[in-house]
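# Topology and contacts: notes
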Amino acid sequence: MADSNLKQKTAKGLLWGGMSNVMQQLLNAVFGIVIARLLSESDYGMIGMLTVFILVANSLQECGFTNALANRPSFEHRDYNAVFWFSTIMGLGMYALLFACAPLVAQFYGEPELKPLLRYLSLSFVFSSTATAHNAYMFKRLMVKGKSIAQITALVVSGTLGMVMAYRGMAYWGLATQTVVYTFTYALMMWIFSPWRPTFNFDFGPIRQMIGFSSKMLITNIFMQLNNNIFSVLLGKLYTRCEVGLYSQANKWESMVHNSITSMITGVAQPVLRSVEGDDERQREVFRKLLRFTAFVSFPAMLGLALIAKEFIVVTVTERWLGCVRMLQLLCLWGAFQPITMLYANMVISKGRSNVYMYNYVAIGIVQLAVLLLVHSLGIQAMILAFVAVNVLWLLVWHSFVHRYIGLRLWHTLADIMPFASIAAVTMAATYASTLWIGDMRLLLAARVVLAAVIYVAILRITHAAILKECMAYLTKKKKQQ
């Protein structure tokens, strides 16, 4: 019964997470296309140079308490209440810190306009800090449906406003407003959907109990953001604002796809893996099923985006952005493995080993920075290729720890992911060769998307892939129930 309930909860979480992410990415795509047609590479470059500061400060404000609360075997109101007040104070502190540091950031890049822009963007910390506890409450209880509605609502409101501001010629201020309004709306929706409410009881005892775990998560999240956004900093310093803008455009589309997959997986991975803690065999079985599902979705999605990159960019945001195509294709190679990396990371977290989680990200951050500085003279594409190589190879390091904790062998991992990687690669190669004769960009884009989907599913059916059967069976069951 427990296994059946866990399977049902996991499937429901993945279904809602998947549907939500598809809807979010469609909305992101629509708003992104319209805004990219209205703004310049330079406008995106301005926001791109500040991205890492915003994300690092957001990690400091959250302090890793979402994962810390999810990892506690028992929890009560005082735990969430302590996190709420601590996070709110940190959010106000982060705003004050970045407000004061804005002139230094502008001086670092040699862009005076960044000073007021950073101060405006930093308002997002004040809003997001008030929803940290609510977000943790819903995450712990796998309330994926409510979070999905909150995210979609925030996207619609912020995207519409950002699009209107871009149309009215407000340049990068429209992008900044989109971020601030999204944060405000999402925080508001968290308050609406979460039944939990804070009280004026300033007991920070639970913070002291969680700080050992959460501090490691905090350091890890900071290095994760630095690792994922190091290009924006280096390009902003070493190259022009326009080149930062081209990279930001490529990174935006790649992140849109891989983040949707990662969010769907991580939305259920840690709570589910934690629920079977203590039974290594059962945990290994659950992990391998999640691994197969991740590979089943990730490889065709990311390799498919690489396949249609040129047509997609030309058709959606015009030829003006052609300079980002090769960057996008290279980033897709990393994006195919990124959800798998995050699944491994969640396995480590579920074991309570936040120190291992932290050391991994600190180490890869140092290695990555050293490699990028070593090859930066060879150009942006060489830097991206080096970034991809370091991150993909680091999967072996993650695997060594998971092997130690649950006995997962490397050949088991390869057996779980390589069939889907191989089928996706064959699918894209066959699709590419079959559509070379099509000259019209719009027709070529549509043909490649449809043909790749048909070939991928056909091969999975021919090879009797269990994961496809399970997905279809679950969807059919849900349809009958409705």
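None of these values were measured; they are calculated from a predicted model. (Residues numbered from 1 in each chain as written. Predicted model: local features only at pLDDT ≥ 70, side-chain atom pairs only at ≥ 80, totals over all residues. Heavy atoms only, no water.)

## Some words on the overall build of the protein
- Across its full length, the protein carries 20 helices and 0 strands.
- For the protein, buried positions account for 56% of its 482 residues.
- Residue pairs at least 24 apart in sequence account for 85% of intrachain contacts in the protein once pairs closer than 6 positions are excluded. (Helix = DSSP H or I, 4+ residues; strand = E, 2+ residues; numbered from the N terminus. Buried < 20%, exposed > 50% of the residue type's maximum accessible area, 1.4 Å probe, protein only. Contact = heavy atoms within 4.5 Å.)

## What to know about the nonpolar core
- Within the largest apolar cluster, 113 residues are counted, with the highest numbers of intra-cluster contacts made by Leu117, Phe287, Ile313, Tyr344 and Tyr357.
- Ranked by residue count, the leading element in this core is helix H14 (residues 325-350), at 16 residues.
- Within the second largest apolar cluster, 19 residues are counted, among which are Ala82, Ala131, Ala150 and Met189. (Core = buried A, V, L, I, M, F, W, Y, C linked by side-chain atoms within 4.5 Å.)

## With respect to the packing of helix H7 (residues 132-140) against helix H9 (residues 172-193)
- Relative to each other, H7 and H9 sit at 55°, their axes nearing to 9 Å. Relative to H9, the element H7 lies oblique. The way H7 lies across H9 gives a crossing that is left-handed. For the pair formed by H7 and H9, the contact residues are His134, Asn135 and Met138 on the first element and Tyr186, Met190, Trp191 and Phe193 on the second.
- Classifying every residue of the contact of H7 with H9 gives 5 nonpolar, 2 polar and no charged. (Axes fitted to C-alpha atoms, helices over the stretch in contact; angles between N-to-C directions. Parallel < 35°, antiparallel > 145°, perpendicular 65-115°, else oblique. Left-handed = near helix turned anticlockwise from the far one by under 90°. Nonpolar A, V, L, I, M, F, W, Y, C, P; charged D, E, K, R; others polar.)

## Observations concerning unusual backbone geometry
- In the Ramachandran plot, Ala171 falls in the positive-phi region, its phi being about 50° despite a non-glycine side chain.
- Residue position: Ala171 is located in the loop between helix H8 (144-167) and H9.
- Positioned with a positive phi, His464 is a non-glycine residue whose angle comes to about 55°.
- Along the chain, His464 turns up in the loop between helix H19 (441-462) and helix H20 (466-481).
- With relative accessibility at 56%, the residue His464 sits in the exposed group.

## Quick notes on the confidence of the model for the protein
- Overall, the prediction assigns the protein a mean pLDDT of 82, with 84% of residues at 70 or greater.
- Below a pLDDT of 50 lies the segment residues 478-482, which in the model reaches 1 contact outside its immediate sequence neighbourhood of four places, other chains included. (pLDDT = per-residue confidence, 0-100.)

## Regarding a nonpolar patch on the surface
- Where nonpolar side chains cluster on the molecular surface, the patch consists of Leu393, Leu396, Leu410, Leu414 and Met418 and spans about 470 Å² of accessible area.
- At 3 residues, the largest contribution of residues to the nonpolar patch is made by helix H18 (residues 410-434).
- Turning to its location among the elements, Leu410 is positioned in helix H18.
- Take Leu410: its relative accessible area is 40%, and that puts it in the partly exposed class. (Patch = residues over 30% accessible without salt bridge, like charges linked within 9 Å, V, L, I, M, F, W, Y side chains within 5 Å. Areas by Shrake-Rupley, 256 points an atom, 1.4 Å probe, with all protein chains shown as cover. Salt bridge = Lys/Arg side-chain N within 4 Å of Asp/Glu carboxyl O.)

## Let's talk about the environment of Val397
- Along the chain, Val397 turns up in helix H17 (residues 395-406).
- With relative accessibility at 28%, the residue Val397 sits in the partly exposed group.
- Sequence separation between Val397 and Ile364 is 33 residues, and the spatial gap between their C-alpha atoms is 9.8 Å.

## Remarks on the environment of Val157
- Relative to the assigned elements, Val157 resides in helix H8.
- For Val157, a relative accessible area of 40% translates into the label partly exposed.
- For Val157, the contacting residues outside a window of four places in its chain are Val181 and Thr185.

## A short note on the packing of H14 against H17
- Between H14 and H17, the least distance of the axes is 10 Å, while the angle of their chain directions is 35°. As H14 runs across H17, the sense of the crossing is left-handed. Between H14 and H17, the contacting residues are Phe337, Ile340, Thr341, Tyr344, Ala345, Met347 and Val348 on the first element and Leu395, Trp398, His399, Val402, Tyr405 and Ile406 on the second.
- Of the residues in the contact of H14 with H17, the class split is 11 nonpolar, 2 polar and no charged.

## A short note on the pattern of salt bridges
- According to the stated counting rule, one finds 4 salt bridges in the structure shown.
- Across the pair Glu285 and Arg282 runs a salt bridge whose closest N-O atoms are separated by 3.5 Å. With Glu285 and Arg282 both in helix H12 (residues 280-307) and 3 residues apart, this pair spans about one turn of that helix.
- On the basis of relative accessible area, Glu285 is assigned to the partly exposed category, the value being 45%.

## Looking at the packing of aromatic side chains
- Inspection of the entire model under this criterion finds 20 aromatic pairs.
- Between Tyr182 and Tyr186, the aromatic rings sit 6.1 Å apart at their centres with planes inclined by 5°, giving stacked as the arrangement. In this pair, Tyr182 and Tyr186 are both assigned in helix H9, 4 residues apart and thus about one turn of the helix distant.
- Take Tyr182: its relative accessible area is 26%, and that puts it in the partly exposed class.
- Through a chain of ring-to-ring contacts, three or more aromatic side chains come together here, namely Tyr80, Phe84, Trp85, Trp191, Trp196 and Phe200.
- Lying across the ring of Phe99, Arg119 places its NZ or CZ 3.9 Å from the centre. (Phe/Tyr/Trp six-rings, centres within 6.5 Å; stacked < 30°, edge-to-face > 60°. Lys NZ or Arg CZ within 6 Å of the ring centre and 35° of its normal.)

## Some words on the environment of Ala452
- Positionally, Ala452 belongs in helix H19.
- Between the C-alpha atoms of Ala452 and Val426, which are 26 residues apart in sequence, the distance is 9.7 Å.
- If sequence neighbours within four positions are ignored, Ala452 has contacts with Thr427, Met428 and Thr431.

## Here we look at H18
- For H18, with 25 residues, the first-to-last C-alpha span of 35 Å sits near the 36 Å given by 1.5 Å per residue.
- Approximately 35° is the largest bend angle found in H18, and it occurs at Ile417, with the proline Pro419 only one to four residues beyond.
- Considered for burial, the residues of H18 that qualify are His412, Thr413, Asp416, Ile417, Phe420, Ala421, Ile423, Ala424, Thr427, Met428 and Thr431. (Expected span 1.5 Å × (residues − 1). Bend = angle between axes of the 7 residues up to and from the residue.)

## Digging into the side chain of His258
- Tracing the sequence through the fold places His258 in helix H11 (residues 241-275).
- Among residues more than four places away in sequence, those in contact with His258 are Met302, Trp334, Gly335, Gln338 and Pro339.

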